[in-house]
Structure formats: C-alpha cells, structure tokens
Amino acid sequence: MSLETIRNFSIIAHIDHGKSTLADRILQLTRTVAERDMREQVLDSMELERERGITIKAQAVRVLFPAADGRTYELNLIDTPGHVDFTYEVSRSLAACEGALLVVDAAQGIEAQTLANAYLAIENELEIVPVVNKIDLPSADADGVALEVADLVGGNAEDVLRISAKTGVGVEGVLQAIVDRVPPPKGDVDAPGRALIFDSSYDQYRGVVAFVRVVDGTFEPRQRVRAMAQGTTFEVEELGVFSPGMRATPELGAGDVGYVITGLKDVSQLRVGDTLTQARGGAAEPLPGYQDVKPMVFAGLFPTDSDQYPELRDALEKLKLNDAALSYEPETSRALGFGFRCGFLGLLHMDIVRERLEREHDLDLLVTAPNVAYRVRAVDGEWIEVHNPAQMPDAGSIEETEEPYVRASIICPSDHVGAVMELNQERRGTFGHMEYLSPERVQLIYDLPLAEIVLDYYDQLKSRTRGYASFDYELLGFRPGQVVKVDVLLAGERVDSLSLITHRDNAYRQGKALVEALRERIPRQMFEVAIQAAIGSRVIARETVKAKRKDVLAKCYGGDISRKRKLLEKQKKGKRRMKQVGNIEVPQEAFLAVLEINREGAA
Amino acid sequence: MSVRHLYVHVPFCAHRCGYCDFVTVTGHDDVHAAYVDALLAELALHGRLAPETVYVGGGTPSILADDLLARLLAGLPGALEVTVECNPETITAAKARALREGGVNRISLGAQSFQPHLLETLERRARPETVAAAVEILRAEGHENVNLDLMFGVPGQSRSDLQADIEGVLAHAPEHVSWYELEAKPGTRFSVHHGAELARQAEALEDHYETVVAALRGAGYRWYETANFCRPGRESRHNLGYWLGHDYLGVGVGAVSTLGLVRRRNRPRLRPYLEACAAGRPAPAEVEELTASERGLERLMLGLRLDEPLHLNGLAALVDDAACDRLAAAGLVLRDGETITLTERGRFLANDVVASVLR
C-alpha cells in the first residue's frame with residue numbers, strides 16, 4: 001500500500017466529550033468490528049478505564065475506509081490517554097500522527113485539557129480537524145462552540161464539522177475529512193528504519209509489546225533491532241497491525257502504525273518516545289522528542305494487614321511491567337510497618353495504581369499523604385533529590401532547596417475569575433496571563449508549585465467555581481523554594497512517620513494543625529504527653545495531653561473476678577495495638593492525622 | 001474439704017436499686033424460709049467446713065425475719081470473722097441482737113451517702129437519719145466492728161456533697177469504710193437514665209477519688225485496698241482472701257466459688273435453685289475452667305489492689321520486666337526483687353499500670 005492512501009490521526013477531547021463513542025462509531029461504520037462483537041467503547045479495554053471513562057494507556061486501531069474518490073484508505077486511529085498526568089504519553093502519541101480530530105462537546109465548549117492537547121498537536125505540526133459533537137443535545141450550542149473552536153485553531157466556523165457520535169450523524173463526513181485534510185505520512189521507504197514507540201504494554205507470554213509508528217524504512221520479523229535512546233537491543237519476534245486485535249503482517253513500512261513483539265521482560269527496557277532502528281546499518285539520528293519521564297509525586301503504600309506485604313510487593317512488580325513511570329522502593333514506618341515508597345506521574349496516576357492494586361490484586365491499602373520530589377543542596381554542595389521526609393537532611397546542613405513548578409491553565413466562566421485568582425494566590429501562584437476565549441469564558445495561566453496542587457487543588461477549584469472550571473498543567477521543572485521539614489515530637493521524641501515537608505510559609509499553620517489533630521487522637525494516659533511540631537530544634541507549635549489521674553476498677557470481689565480479668569485482658573490487647581513511643585502509647589489512627597492535616601493545612 | 005472462706009448469698013431486697021447488678025430478688029417474702037433451708041442443704045453437700053471467714057452478702061441479708069436469720073446463722077459454721085451485710089432501714093434492736101447472738105462479729109452497713117437527694121437518685125430507701133440510727137443501735141447492741149459502704153460519682157454529686165459525706169462517715173467512726181466509685185454497668189436502668197450526666201462528670205471524679213483517699217488517710221484510716229479503708233487491724237479478712245488469691249466457696253443463687261482452677265457460678269434463677277437443693281442435688285451451675293496463667297493473672301490483678309507488696313512467687317513469667325522498669329522510673333511502681341508494689345500514684349492508675357506490667 002502506498003503512503004498516499006494512509007492517514008494517521010488521533011482524537012483530542014475532554015473527558016466525556018465523546019471521544020470513545022466517536023471511535024466506536026468509526027469502527028462500526030468501517031465494519032472493523034463485527035456488529036455482534038461491538039460493545040461500547042471497544043478501545044477502553046481496561047475495566048478501570050471503562051468505569052472512569054478515561055483512557056489510561058494509548059491504543060491504536062486500523063480501519064479501512066472507501067473514500068469518495070473510489071480508493072480505499074488505511075486510517076490509523078491512535079488513541080491518546082486523557083489526563084494531565086500522561087501529557088508526555090499524549091505528546092508521543094500525537095508525534096505518531098499527521099492529523100488530529102479536535103472533538104468538543106456542543107453543550108460544554110472548550111475545556112482546559114482540550115486546549116492543552118490542541119496546543120500539543122499544533123506544536124507537533126498536526127493538521128487539526130475540528131469537530132463539534134453532541135449536536136443532538138437539547139442544550140447544544142453548535143454555532144457558538146464552532147466559533148470558539150475555529151478561533152482556537154485559526155480557521156472558519158463553516159469548516160468545523162458538526163456531528164453526533166451517539167446517533168451517527170456526520171460520522172462518515174469525519175472520515176472523509178480525514179482523507180481530504182490530513183496529509184499522508186511522509187517518510188523515506190528506502191532509508192534505514194526508524195519507528196517511534198508511542199506506547200507499550202506487557203504480555204505475560206510474549207513479553208513487552210511496543211506500539212510503533214514507522215517513519216522511515218521497513219521492519220521485518222527476525223530482524224535485530226535497537227532502541228536508540230536506551231540502547232536496548234532485541235530480535236523482532238512478530239510484528240503487525242491492529243484491526244482492532246493484533247494481526248501479524250510480513251512487514252511494517254514507512255507510514256504504518258502497528259505493534260512489535262520484542263520478547264523483552266520489562267517495560268522499563270523500552271521507553272515510550274524512544275526510536276527503534278535496525279541494530280546493524282540502522283539510522284544515525286533518532287526521532288526527536290524523547291524524554292525520560294520521572295515520577296514527581298510520592299506516597300507510601302502500606303498493606304492494612306501486614307501479612308499482605310509479600311502480595312503487595314508481587315502486585316507492584318506486575319504493575320511495573322506495564323507501567324514504566326511507576327517507581328517503588330521498600331519503606332519501613334514505625335507506625336504502619338512494612339510498605340513501599342512509590343513514585344507517580346501525578347495524583348491520577350497514583351489513584352489508578354492504588355485502585356488497580358486493590359481491585360486486581362485484592363489488597364487493602366493505606367496510602368500516606370503524597371508529597372512531591374524536592375531538590376536539596378547541602379552545605380557541602382551536593383544536590384540530592386528528596387522523595388520522603390525521612391531523606392531530608394538536617395535543617396542546619398541545608399544550603400538551598402528547590403521544588404517542582406507547573407504551568408497551570410485554568411478555563412472558567414468569567415464571573416468566577418476572582419475566585420480562581422484568589423485560590424492561586426493562596427497556593428503561591430504567579431500570574432502569567434489571562435485571555436478571553438469568548439465573552440463568557442476566560443483562560444488563566446499561572447505558575448504554581450506542584451506541591452500546592454497535589455492535594456486538594458482540583459477539588460477546591462471545582463468547589464469555588466461551582467464545578468465550571470477545568471484545569472490542566474505541564475511540568476516546568478525545579479525552581480528555588482524555601483522548603484522545610486516539620487518534625488513532630490511526642491514527649492520529646494521525634495516520630496519519623498509524622499514528619500512532613502512543606503514550604504516555609506505553610507509550616508507554622510500545618511504544624512499547628514498537626515499537633516491539634518494529634519491531641520485529639522492521643523488518649524489521656526499515665527503521663528502527660530507533650531506534642532510539639534518543630535523545624536530543626538525550633539518548636540513552632542505545642543499541645544499537651546494531660547495525664548489522667550484515675551483509672552481503677554471500683555470494686556472486685558469473688559463474684560466478679562472473671563469479668564474484671566476479661567476487662568484487663570481487653571485493656572492489655574488495646575495496648576498492644578498502640579505504638580509505644582518512649583513512655584507514650586500512640587493509637588494507629590493518630591499516625592493518619594498527617595494525612596488530613598495536609599489537606600486542611602493546604603487550604 | 002478445707003475452705004478458708006465461705007460466702008453465703010441472700011438475694012432478697014425490698015427494692016432493686018437502679019445501679020445494682022448483683023443477683024437480687026424482690027418480693028417473694030413467702031420463699032425466704034424455703035431459701036434458708038436450701039442454703040443449708042447446699043452447704044451440707046460440702047461436708048463439714050471450718051472456714052476462717054464467713055460472709056453473708058446480698059441482696060439484703062438483714063431483710064430476713066429475725067427468727068429466719070437466727071436459723072441461718074445457727075446453721076453456718078463458726079469462724080474467726082463472720083460478716084453480714086445490712087441495710088440501715090432493716091436494723092432494729094432485736095435484729096442487732098439476733099445477729100450478735102448468731103455469732104456475727106462484723107456488720108457491713110450500706111449507707112452509700114448522707115445526702116437525701118443522692119440517696120433518692122440511687123433509689124435507696126434509707127434516709128441519712130436512718131443510717132445514724134442504725135449505727136447507734138448496732139453500737140448499743142455491742143457490735144464493735146462496723147463497715148460503712150459509701151459511693152462517689154453519684155449523678156449530681158457536688159464537691160460539697162462529697163465533703164459532707166466524708167464528715168458524715170467520720171462522725172460515725174466506723175472501723176472500716178468501703179468507698180466505691182459508682183459503676184453504672186451497661187444495661188442497668190441507671191446507665192440508661194444517667195449515662196449522659198455520668199460522662200459529663202467523669203473528670204470531676206478524679207478529684208473526688210483523690211479527696212476521699214486523702215480525707216480518710218488524714219483521719220487515721222489505712223488505704224489498704226483500692227476502695228477500702230480500715231482502722232489498724234480491722235481489714236476485712238474475708239475480702240482479703242479474694243485479693244490474696246485464696247480459694248473460696250460460695251453458696252446461694254448466683255454465688256461463685258473458685259477452688260483451684262475451677263470456677264463455679266450458681267445459676268441466678270431462684271426456682272430451680274430451690275428445687276435442686278430441696279431434692280438434695282447440687283445447685284445448677286456453670287463451670288469455668290481456668291488456666292494456670294489466667295489464675296496467675298487474676299492473682300496479679302487482685303494483689304496489686306493492696307497497699308502491701310505482691311510477692312511474685314510463680315508469677316514472674318507474667319510480668320514484663322522492661323515495662324516494670326519504665327513504670328518504676330516514672331514513679332508508678334516499686335520493684336524490689338521478688339515483689340511489686342504500686343506507689344500512691346500507681347494505685348490511682350491501677351488498671352493501666354497492671355495492664356502495662358503484664359507481659
């Protein structure tokens with residue numbers, strides 16, 4: 001098949017704007033999936049994805065479309081993950097295409113996420129085919145939204161397609177528009193092979209499967225192949241296309257989208273964004289844009305039942321096979337026992353991992369308050385990255401600190417701009433600029449510390465704009481920020497698992513909130529308990545749990561010895577569940593105070 | 001069988017007080033005589049006894065008519081110490097005489113409080129003057145070892161109420177005082193009616209307890225057990241038996257015996273008890289088999305209620321030495337080789353201290 005009849009495209013849409021429905025309709029219309037196999041949203045195959053209505057892993061599918069000119073075109077739809085945490089994966093998926101459908105809900109209009117991905121597509125020089133979906137809705141404002149979209153992509157409102165993926169109206173027109181407007185792939189069929197890995201997955205029996213877009217040359221089974229950035233080499237066991245299941249083909253040539261079975265045993269050996277080429281006589285230059293993605297949000301995962309530790313370890317190992325961005329290392333907490341410090345791309349990623357562990361592996365988990373990665377330079381000049389309060393050096397030996405920043409884009413109705421600005425102010429945000437997308441809708445750009453958004457920023461944003469704001473961000477990297485570790489001392493003894501890292505400006509408020517929460521959770525005992533929050537040796541907040549003065553059983557004679565013994569045994573058992581810190585007994589739930597505090601303290 | 005301590009339960013009461021969770025029976029005056037017969041029949045099954053102490057408790061043993069009471073006492077084995085629990089309103093000169101003639105040398109009088117409004121809350125029938133009159137009659141009839149039962153933590157009890165009760169007790173110069181915190185056990189009428197008030201005053205009770213201990217010690221009483229005070233040499237030998245972990249035999253409905261590793265609890269229903277005893281059968285009972293470590297734990301729990309050192313003979317394995325050292329350093333226990341004693345502050349916190357001392 002010549003490059004002339006190939007079109008590679010993705011669909012960009014906000015959650016619930018109808019991407020999956022449109023994809024399903026396309027599969028149906030081109031008879032790629034037999035009617036009887038058609039279940040809703042074929043592409044979102046993971047149970048969790050179907051439930052949440054979002055795409056976590058990119059997928060691809062090839063459909064054959066008989067166009068108006070009488071020729072049959074090969075259309076490769078490359079699905080993109082739909083969330084901020086996966087921006088990098090989105091950008092790689094887009095890099096594998098020449099065009100993108102920009103799908104906007106006729107009732108909702110453009111959302112921040114759509115905008116961010118649309119900009120990504122424009123950066124990748126993709127031809128954008130704007131589509132207004134859900135025109136069948138009573139509340140649809142197809143003309144208004146078409147104007148907004150045309151304004152964004154720089155075209156005419158008449159060129160914006162109006163469809164209903166649900167009823168099928170206009171879907172064939174979408175396919176024709178892809179053929180007409182999206183350019184065919186360019187590439188040198190005779191050059192050494194170059195293929196962009198835009199996703200990968202792990203198959204228990206066949207190892208790592210790379211999802212690729214071939215840019216130049218041709219790949220064949222049995223060839224020895226090299227991933228240029230990472231240097232991993234392997235022999236191609238099988239390759240082929242998605243239609244929509246994997247179907248082996250004798251080769252994958254320039255312009256094709258398909259899969260390569262590598263036999264590798266670990267997805268981290270083959271990173272998204274890397275370029276495959278022949279091990280011998282391969283290309284000299286990789287395709288542009290490879291980045292090593294690094295986790296930015298960290299949290300401890302502990303089994304509620306300590307007996308489940310080995311199962312948690314096995315489950316993380318399995319998840320990691322399929323999720324190169326997930327990192328984990330063993331962590332021991334005095335309060336919570338054995339667990340793992342895990343690194344995630346963002347909060348959604350964390351949520352997904354937690355849910356998959358609980359659901360697919362039947363584990364009961366306790367997740368500690370997440371924190372971001374910090375960079376700390378000690379007096380001796382060495383920079384270290386800190387993922388855990390325990391790794392933070394002593395306050396005295398710290399020269400400077402840096403924290404990760406993001407550029408946030410918020411779109412909200414214009415009458416909520418004040419509330420959004422106030423929120424960003426509270427979160428140490430720096431105003432970038434403001435733009436009216438329409439008289440009613442405004443886009444705000446702020447630079448914000450990642451730490452300020454990991455906890456409840458999105459909830460706050462939603463509640464302060466009555467649910468109307470949408471939000472997206474991209475990582476900017478580390479910037480100077482005065483972060484400190486706040487320690488908690490119980491009766492003078494430091495308790496590791498209660499420490500937190502926070503910005504100096506928030507330290508007093510969070511420290512105070514934390515000791516107050518602890519006072520409520522630590523029962524009175526035989527000794528007075530001093531609860532202190534401190535930065536280094538400086539105490540910033542203090543509370544006291546007074547010692548109790550009486551704890552006796554009033555009377556005990558021959559008739560009630562058994563009952564009193566049972567009470568004593570019960571009291572003893574209660575003590576065993578407590579954590580002993582010096583003379584103090586701390587109930588397990590007190591250690592969770594730090595979780596709530598982070599939420600309140602950040603607000 | 002050599003039993004050192006004999007307990008005899010008389011369940012009858014004129015009225016069941018709201019806070020009470022003992023086995024009690026109201027009404028049924030017609031069965032008093034049958035019950036005394038049953039008690040003596042049950043006792044006979046245990047052969048000849050020569051106990052050190054006999055304790056007739058209730059209920060209200062003194063509610064029995066004088067002749068019935070005399071018959072019961074005559075049927076009980078003699079002992080060094082024979083105690084009968086009495087309610088003040090049942091004490092007459094004739095009753096006091098019947099008690100003394102029946103060999104009773106210790107009277108335990110349920111005063112509870114000297115404040116009319118608190119007696120009312122407790123649903124007691126006695127008035128303050130009834131208590132005074134009862135003590136006077138007992139003294140006049142030659143009873144020279146009298147205990148008064150008092151209570152603190154009664155809903156609505158103020159500091160000055162407590163102070164007045166302390167003065168009331170001292171005015172009667174009893175040889176022995178038991179002063180309990182009111183325990184509103186779940187399920188009693190009392191905890192239902194007064195639960196909220198009891199929770200509200202929980203912190204004030206810390207003061208009350210300390211006040212009681214300080215006042216009675218100040219007046220020359222020895223705080224020899226968590227809730228018990230005595231003039232020198234006037235400890236309740238019977239109750240000491242429980243606290244020192246001795247075996248004891250209990251007869252009557254609901255009475256408990258602990259003999260070695262067997263604890264027997266007579267069933268609380270009156271009718272089946274009477275029938276079994278009348279037929280010469282053992283009283284219906286449930287049996288609890290204790291393990292040696294349970295018995296040891298009880299020994300620790302009970303022994304540490306006393307002001308005297310607890311010898312750890314055979315109990316050392318139950319004790320967490322590290323915890324003991326910690327508590328000793330904090331001034332809650334004294335550890336001296338083979339003995340443990342709670343300090344004054346340790347005694348106020350006995351539950352927590354004992355739970356901590358246990359391994």
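Residues numbered from 1 in each chain as written. Chains lettered and ligands numbered in written order. Predicted model: local features only at pLDDT ≥ 70, side-chain atom pairs only at ≥ 80, totals over all residues. Heavy atoms only, no water.

**Student:** Would you explain the overall build of chain A in this entry?
**Tutor:** Each helix and strand in chain A was counted, giving 14 helices and 34 strands. Counting only carbon and sulfur atoms, one obtains 47% of the accessible surface of chain A, whose full area is about 25,000 Å². (Helix = DSSP H or I, 4+ residues; strand = E, 2+ residues; numbered from the N terminus. Areas by Shrake-Rupley, 256 points an atom, 1.4 Å probe, with all protein chains shown as cover.)

**Student:** How should I be thinking about the overall build of chain B in this particular structure?
**Tutor:** Across its full length, chain B carries 14 helices and 17 strands. Taking all 359 residues of chain B together, 56% fall into the buried category. Nonlocal contacts in chain B, meaning residues at least 24 apart in sequence, comprise 70% of its contacts between residues at least 6 apart. With an accessible surface of roughly 14,100 Å², chain B has 53% of that area assigned to carbon and sulfur atoms. (Buried < 20%, exposed > 50% of the residue type's maximum accessible area, 1.4 Å probe, protein only. Contact = heavy atoms within 4.5 Å.)

**Student:** What should I look at first to understand a negative patch on the surface in this one?
**Tutor:** Residues and elements named next belong to chain A. Taken together, the side chains of D305, D307, E311, D362 and D364 make up a negatively charged region of the molecular surface. Examined against the element boundaries, D305 turns out to sit in the loop between β17 (297-303) and α7 (309-322). By relative accessible area, D305 is classed as partly exposed at 39%. (Patch = residues over 30% accessible without salt bridge, like charges linked within 9 Å, V, L, I, M, F, W, Y side chains within 5 Å. Salt bridge = Lys/Arg side-chain N within 4 Å of Asp/Glu carboxyl O. Lys, Arg positive; Asp, Glu negative; His and termini not counted. Charge placed at Lys NZ, Arg CZ, Asp CG, Glu CD.)

**Student:** Looking at this model, I keep getting lost on the pattern of salt bridges. Mind explaining?
**Tutor:** Between side chains of opposite charge, pairing is possible as soon as their charged atoms come close. Scanning the entire structure with this criterion turns up 60 salt bridges over all chains. The salt bridge partner of B:E206 is A:R524, with a shortest N-O separation of 3.1 Å. Placement of B:E206 in helix α8 (residues 202-218) and of A:R524 in the loop between α12 (504-521) and β31 (529-535) is noted, with the two residues assigned to different chains. Given a relative accessible area of 28%, A:R524 falls into the partly exposed group.

**Student:** Where do I start with the sheet that holds strand β15 (residues 310-311) of chain B in this structure?
**Tutor:** Strand pairing in a sheet takes place through backbone hydrogen bonds and is either antiparallel or parallel in direction. All names here are of chain B. Across the sheet, 3 strands lie side by side as β15-β17-β16; this open sheet has antiparallel pairing. Lying at the two open borders of the sheet, with one neighbouring strand each, are β15 and β16 (333-336). Taken together, the 4 bridges between β16 and strand β17 (residues 339-342) define a ladder with antiparallel strand orientation. Directly across from V333, in β17, lies its bridge partner L342. The strands touched by helix α12 (residues 321-329) are β16 and β17; relative to β16, the strand with the most contacts, the crossing angle is about 125°. (Pairing = 2+ DSSP bridges. Axes fitted to C-alpha atoms, helices over the stretch in contact; angles between N-to-C directions.)

**Student:** Where do I start with the interface of chain B and chain A in this structure?
**Tutor:** By a frequent convention, interface size equals the accessible area lost on bringing the separate parts together. Facing the 47 residues of chain B at the interface are 32 residues of chain A. Buried surface at the junction of chain B and chain A, summed over both partners, amounts to about 3,800 Å²; 51% is from carbon and sulfur atoms. When the buried surface of chain B facing chain A is broken down by residue, B:E206, B:N351 and B:D352 rank first, second and third, together holding 17% of it. Our enumeration of links across chain B and chain A arrives at 12 salt bridges. Here A:R565 makes a salt bridge to B:E298, at a shortest N to O gap of 2.5 Å. Scanning the region where chain B abuts chain A turns up 29 residue pairs in polar contact (both at pLDDT 80 or more). Elements supplying a minimum of two residues to the side of chain B that touches chain A: β8 (176-181), α8, α9 (237-243), β13 (262-266), α11 (292-303), α12, α13 (344-348) and α14 (350-357) of chain B. In terms of residue count, α14(B) provides more of the side of chain B that touches chain A than any other element does, 7 residues in total. Per-class residue counts for the side of chain B that touches chain A are 23 nonpolar, 6 polar and 18 charged. (Buried area = accessible area lost by both parts, 1.4 Å probe. Polar contact = N/O pair within 3.5 Å; in protein donor to acceptor, adjacent residues only side chain to side chain. Nonpolar A, V, L, I, M, F, W, Y, C, P; charged D, E, K, R; others polar.)

**Student:** Help me out: how do you make sense of helix α3 (residues 87-95) of chain A in this one?
**Tutor:** Three or four residues apart is the spacing at which side chains of an α-helix point the same way, because the helix has 3.6 residues per turn. Counting buried residues along α3(A), 7 of its 9 residues qualify, which places the element largely inside the surrounding structure. Where α3(A) is buried, its residues contact β1 (6-13), β3 (72-78), α4 (112-123) and β7 (194-203) of chain A.

**Student:** Help me understand the sheet that holds strand β12 (residues 238-242) of chain A in this model?
**Tutor:** Residues and elements named next belong to chain A. Spatially, β11-β10-β16-β7-β8-β15-β12-β13 is the arrangement adopted by the 8 strands of the open sheet, whose pairing is antiparallel. Both outer strands of the open sheet, β11 (233-235) and β13 (246-248), are each paired with one neighbouring strand and no more. Going from strand to strand, the sheet's axes swing by 40° on average, the running direction of each strand aside. Strand direction decides the pairing type here: β12 and strand β15 (residues 257-261), joined by 3 bridges, are antiparallel.

**Student:** What's the story with the packing of aromatic side chains in this structure? I'm lost.
**Tutor:** For any pair of aromatic rings, the description consists of the separation of the ring centres together with the inter-plane angle of the planes. One pass over the structure, following the stated rule, counts 22 aromatic pairs over all chains. Centroid distance A:Y309 to A:F338: 5.9 Å. Interplanar angle 55°. Geometry classified as tilted. Taken together, the residues span a long stretch of sequence, with A:Y309 in helix α7 and A:F338 in strand β19 (residues 337-344) at a distance of 29 residues. Judged by its relative accessible area of 53%, A:F338 falls in the exposed class. Within the aromatic cluster, the residues linked to one another by ring pairs are A:Y557, B:Y180, B:Y224, B:Y242, B:W243 and B:Y248. Above the plane of the ring of A:F478 lies A:R375, whose end atom (NZ or CZ) is 5.6 Å from the centre. (Phe/Tyr/Trp six-rings, centres within 6.5 Å; stacked < 30°, edge-to-face > 60°. Lys NZ or Arg CZ within 6 Å of the ring centre and 35° of its normal.)

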